[in-house]
Amino acid sequence: TDLGNEEATEKWFEAQSTEVRSVIAGRAALRVLGVLSFSDESKQDWVLLSVFRCLLLSAVRGLERSAHSQLLETASRSSRRLIDFAARSTIRSTSLAVLSAASSAAGAANSAKFAASSTKRSAETVERSAKGPEARSFITSSIKWDCQNNTHYLLAEPLWKGAEVPNGIQIQHDFFLALLHQKPNWDFFHRWYAQMWDGTFRDWDLAIAVATLDPELWEGEDALAKVAEAIRGIEARRALKRAISELRGSSEIVPEEDVRMHRGHNNPPELIDEPLLVARREIVWAAIDDLEREAESETPKKDLVRRSLDLVTRWLRDVLAFLGRKADLTIDQVIKWGLPMGGTYLLAHPAKLQQIIEAGKAWLPFLP
């Protein structure tokens, strides 16, 4: 497409899918995000959060996951309104094009005009900010490269694939990353932006979860703190689910003779045959099942999570005491233990149980 001809650019986008428009417009706006500067620093976090929301939405809408389309559309309209308000009151005139590009990117899914506007505003911003004769050709080359590739490929490639990064843009990008790094509440967005720039972001389930957070969290002067806390809760829940999955993956049922055969080798399984510990095994597995169900639930029960963690913790301490290990749960990753199961043994790693305990305790504060 001819980026110098807005009418031709819009016509090209009209022939593209929702996903193509969203991804290309979003990538164009992300290239100039570091150019943002604020005349009213008291509004900086609020405005930037709205911009990030727009750009995250544009990326997520390129994933072809229609189950979220209506929610994402509502969020897009909300974030565009906030940006339009911010453009009238809190931003330096030199950054208005960046706001416009971000706002347009969020609406590109349903509008070829928005998609064309985002790419045009981004190109204009690069030209003004990079202040070099090569800037126009660099941004044009990168956008044209995007137009020649499918969305799944684009979402896994660096923003400036197909062109060099203009020096002025690179400097502002580095400064912007340093600015985000100063505040822990920007952690997710700092990581997402940096990895999108490099083409290394892959955790789209997390991105969808963030993009579809309760709209009320994104509003108000304390919006950044509210959204950051919600993201930490999401990540804590996911860590617990991952720890349980890893425990299940590390467990194996093997014949008793195979266990006995390896008892003389290095790092053999430590066998547990204390009757009470064996009897309580099923209770502990039931507690882990409960933790897994609560981690999947939309309305997890804090008391049940706490009780389940207590059961797992007490049992693990007793196992370690039985094996003569330290009771402070400092566990060597290579230790394996075996529980008799009627002619066979269940082998597992105590360190995996410890990960579940730690992940569960980290998630508890986020539960109502």
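That block above? That's the structure.
Engineer: Before we go on, may I ask you to explain the sheet that holds strand β2 (residues 270–271) in this structure?
Structural biologist: Strand pairing in a sheet takes place through backbone hydrogen bonds and is either antiparallel or parallel in direction. In space, the four strands of this open sheet follow the order β1-β4-β3-β2, with mixed pairing throughout. On the outer flanks of this sheet lie β1 (252–255) and β2, each paired with one strand and no other.

Engineer: Looking at this structure, I do not really get the packing of helix α11 (residues 204–211) against helix α12 (residues 223–250). What am I missing?
Structural biologist: Two packed helices can be described by the angle between their axes and the distance between those axes. Between α11 and α12, whose axes approach to 10 Å, the crossing angle comes to 140 degrees. In the packing of α11 onto α12, the handedness of the crossing is right-handed. Contacts from Asp205, Leu206, Ala209 and Val210 in α11 reach Ile231, Ile234, Glu235 and Arg238 in α12. A breakdown of the residues in the contact of α11 with α12 according to their chemical character gives five nonpolar, no polar and three charged.

Engineer: Sorry if this is basic, but what is going on with the pattern of salt bridges here?
Structural biologist: Pairing between side chains becomes possible if they bear opposite charge and their charged atoms approach one another. Throughout the structure, instances matching the rule amount to 17 salt bridges. Of the charged contacts in the structure, one is a salt bridge between Arg191 and Glu235, with a shortest N-O distance of 2.7 Å. Taken together, the residues span a long stretch of sequence, with Arg191 in helix α10 (residues 187–198) and Glu235 in helix α12 at a distance of 44 residues. When its relative accessible area of 26% is taken as the criterion, Arg191 is described as partly exposed. The class for Glu235 is partly exposed, based on a relative accessible area of 25%. The salt bridge partner of Asp289 is Arg248, with a shortest N-O separation of 2.7 Å. Here Arg248 lies in helix α12 and Asp289 lies in helix α14 (residues 275–296), a separation of 41 residues in the sequence. Its relative accessible area of 29% is what places Asp289 among the partly exposed residues. In this structure Arg248 comes out as partly exposed when scored by relative accessible area, which is 31%.

Engineer: How do you make sense of the side chain of Ser58 when you look at a structure like this?
Structural biologist: The topology assignment puts Ser58 in helix α3 (residues 44–60). A relative accessible area of 2% places Ser58 in the buried class. Once residues within four sequence positions are removed from consideration, Ser58 is found in contact with Ser22, Val23, Gly26, Ala105 and Ala106.

Rules used throughout
- Residues numbered from 1 in each chain as written.
- Predicted model: local features only at pLDDT ≥ 70, side-chain atom pairs only at ≥ 80, totals over all residues.
- Heavy atoms only, no water.
- Pairing = 2+ DSSP bridges.
- Helix = DSSP H or I, 4+ residues; strand = E, 2+ residues; numbered from the N terminus.
- Axes fitted to C-alpha atoms, helices over the stretch in contact; angles between N-to-C directions.
- Left-handed = near helix turned anticlockwise from the far one by under 90°.
- Contact = heavy atoms within 4.5 Å.
- Nonpolar A, V, L, I, M, F, W, Y, C, P; charged D, E, K, R; others polar.
- Salt bridge = Lys/Arg side-chain N within 4 Å of Asp/Glu carboxyl O.
- Buried < 20%, exposed > 50% of the residue type's maximum accessible area, 1.4 Å probe, protein only.

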